Amino acid sequence: MKKVLSVILCAVIMMSCFVFATSAEELEVFENAAELMSFVLVSKEFTTPVRIVPAVLSENGEETEIYLVSLMGVKSNIAQVNSSANLFAAAFNMDNPYSDFVKDVIFENIPEGSSVVFAGHSMGGMIAQHLRADADLIENYEIVHTVTSGSPLILTGSAKTEGGLVRLCDKFDLIPLLSPATLFCFSKQIKTATREDGGYLFNPDGAHNLSYMRSDVWGSYDALGIKNGSASISFSSSLVSSFGDK
């Protein structure tokens, strides 16, 4: 009888360790901007431009339940909503298939009244800026923050915007200058950019696609893109949902 109980006890302990280890492996924690942008940019390995996950934002000792909405940049496949065909409309803060798609996905998959954090790279960051000024989203959600990398400032005009905005821009990334704001509001385009030198003087493609995933460049910025900030974002990787053309 004692042997049987011992076997059962060992089995329970082993199972508990397995469950704990599995849960630990599934937990993702972003403590800096490089880790956040690695999550956004790794989407390029796939063809789904939008990823959403329920998460916890920890900042200054307080925790807030949020939904992290990740938006990738341009994909060469013209059939996808994040194709280059939408760049012009995105730059001019106009509704377009990509922004419309993201908006529909949010309403269909995030409960109204929820808090939302946008994270976008390149055109994905332009779409995020557009959506933080969308009246329907502002009315139905709390847009806590938007952090972009390699994205130009877009002019939202007199439209109301919600939540903070941080634009991470490598010093040698030229893409953040490619919007009408550079022509009509150059000082704002420059002043709202948070810049670091990733060492890509003769490699603008690297500055645009590699710099933002480097902790040695952006590790001093927290998960909301704030230098020396305290914000982190954590979630279960098993809860990440992807949306878009495959």
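Refer to the preceding data block for the structure.
Presented here is an overview of the structure given in this document. These numbers come from a predicted model, not from an experiment.

1. A closer look at the overall build of the protein chain
- Along the backbone of the protein chain there are 10 helices and nine strands.
- Counting the 246 residues in the protein chain, one finds 47% classified as buried.
- Pairs at least 24 residues apart make up 71% of the contacts formed inside the protein chain by residues separated by at least 6 positions.
- If you sum the accessible surface of the protein chain, you get close to 12,100 Å²; carbon and sulfur atoms cover 59% of it.

2. Quick word on the pattern of salt bridges
- Applying the stated rule across the entire model yields four salt bridges.
- With a shortest N-O distance of 3.1 Å, lysine 103 and aspartate 134 are connected by a salt bridge. Here lysine 103, found in helix H4 (residues 97–109), pairs with aspartate 134, found in the loop between helix H5 (123–131) and helix H6 (135–140); they are 31 residues apart in sequence, far enough to count as distant. Residue lysine 103 shares its accessibility class with aspartate 134, and that shared class is buried.
- A salt bridge links aspartate 136 to lysine 103; its shortest N-O distance comes to 2.7 Å. Separated by 33 residues along the polypeptide, aspartate 136 in helix H6 and lysine 103 in helix H4 bring together distant segments of the chain.
- When salt bridges that share partners are traced, they join Lys103, Asp134 and Asp136 into one network.

3. Focus: the pairing of strand E8 (residues 232–236)
- The element E8 is largely enclosed, with a buried count of five among its five residues.
- Residues of E8 alternate between two faces, with Ser232, Ser234 and Ser236 on one and Ile233 and Phe235 on the opposite face, all of them buried.
- Examined bridge by bridge, strand E1 (residues 27–30) and E8 share four bridges and lie antiparallel to one another. Across the sheet, residue glutamate 28 finds its bridge partner in E8, namely phenylalanine 235.
- Bridge count for strand E2 (residues 50–59) against E8 is three bridges, and the pairing is antiparallel. Residue pairing in the sheet places valine 56 in a bridge with serine 234 of E8.

4. Brief notes about the packing of aromatic side chains
- One pass over the full model with this rule turns up seven aromatic pairs.
- Each ring, one from phenylalanine 30 and one from phenylalanine 235, has its centre 5.3 Å from the other, and the planes form 75°; the classification is edge-to-face. Here phenylalanine 235 lies in strand E8 and phenylalanine 30 lies in strand E1, a separation of 205 residues in the sequence.
- Classification of phenylalanine 30 by relative accessible area gives buried; the value is 5%.
- One residue, arginine 51, lies across the ring of phenylalanine 39, its end atom 4.0 Å from the ring centre.

Each value, and the rule that gives it
Residues numbered from 1 in each chain as written. Predicted model: local features only at pLDDT ≥ 70, side-chain atom pairs only at ≥ 80, totals over all residues. Heavy atoms only, no water. Helix = DSSP H or I, 4+ residues; strand = E, 2+ residues; numbered from the N terminus. Buried < 20%, exposed > 50% of the residue type's maximum accessible area, 1.4 Å probe, protein only. Contact = heavy atoms within 4.5 Å. Areas by Shrake-Rupley, 256 points an atom, 1.4 Å probe, with all protein chains shown as cover. Salt bridge = Lys/Arg side-chain N within 4 Å of Asp/Glu carboxyl O. Pairing = 2+ DSSP bridges. Phe/Tyr/Trp six-rings, centres within 6.5 Å; stacked < 30°, edge-to-face > 60°. Lys NZ or Arg CZ within 6 Å of the ring centre and 35° of its normal.

So far we have only geometry, and geometry alone does not tell us how the molecule works.
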